[in-house]
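Structural features, examined
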Amino acid sequence: MTFQSDRREQLIKNLVSNAIAIISNQIALPLGVQKMKKIAYWIEQIEPLQHDFQVFYSYDKSTNDLPLGTERLNWNIEKLIELEVGIEKADMKYKYEILRNCKNIIDKYEKNKT
């Protein structure tokens, strides 16, 4: 194996791990989606996957102007609560499709299933 193919395999493992984390609520949906986009981007730089990541891009676009992760700690709590509605709307619109997409990633790319 080459460095590129080894790197791609590791990124695919990260993709599966993140999909598992999203489904099992080990990571908040907005952060999991951002992470999925980043991993998918780096995989695609090596060799494209036969997978449609559009739902992750759509969700991210709809929450792009909202505070996420530890950035939220710097916000006034009342304003943060007000903005939470935007995250809830994105969740309502995209969550089930994201969960299905994550399950497809796991089913397709997870190695050594037990």
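Placed above this text is the structure.
The model shown is predicted, which means the values in this text are computed figures rather than measured ones. Residue positions within a chain follow its written sequence, with the count starting from 1. Only residues with pLDDT of 70 or above have their local features reported here, since the model is predicted, and side-chain atom pairs are shown and tallied only from 80 upward, although totals for entire chains, interfaces and linings are computed over all residues. Heavy atoms from the whole structure form the basis of all side-chain values; hydrogens and water molecules are not counted.

Residues Tyr41, Trp42 and Tyr57 make up a contiguous nonpolar surface patch of roughly 350 Å² in combined accessible area. Topologically, Tyr41 is positioned in helix H2 (residues 29-46). For patch building, the residue pool is restricted to those with more than 30% relative accessible area and no salt bridge; the joining distance is 9 Å between like charges and 5 Å between nonpolar side chains (Val, Leu, Ile, Met, Phe, Trp, Tyr). Under the convention used here, a 1.4 Å probe and the Shrake-Rupley method define accessible areas, while residue burial counts only the protein chains that appear. Salt bridges are identified by distance alone: a Lys or Arg side-chain nitrogen within 4 Å of an Asp or Glu carboxyl oxygen. Put simply, DSSP marks the helices as runs of H or I at least four residues long and the strands as runs of E at least two long, and each gets a number from the N terminus on.

With respect to the helices and strands, Asn101 occurs in helix H4 (residues 77-109). By relative accessible area, Asn101 is classed as buried at 10%. Residues within four places of Asn101 in sequence aside, it is in contact with His51, Asp52, Val55 and Phe56. Exposure categories follow from relative accessible area, calculated using a 1.4 Å probe and restricted to protein chains: below 20% of the type maximum is buried, above 50% is exposed, and the middle band is partly exposed. Residues count as neighbours in contact if any of their non-hydrogen atoms are within 4.5 Å of one another.

With the rule as written, the count across this model stands at 4 salt bridges. Notably, a salt bridge pairs Asp60 with Lys37, separated by 2.6 Å at the nearest N-O pair. With Asp60 in helix H3 (residues 54-63) and Lys37 in helix H2, the pair connects residues that are 23 residues apart, well separated along the chain. Of the charged contacts, one joins Lys103 and Asp107 as a salt bridge, the two residues approaching to 2.8 Å between their closest N and O atoms. Remark: Asp107 and Lys103 occur in helix H4; sequence separation between them is 4 residues, near one turn of the helix.

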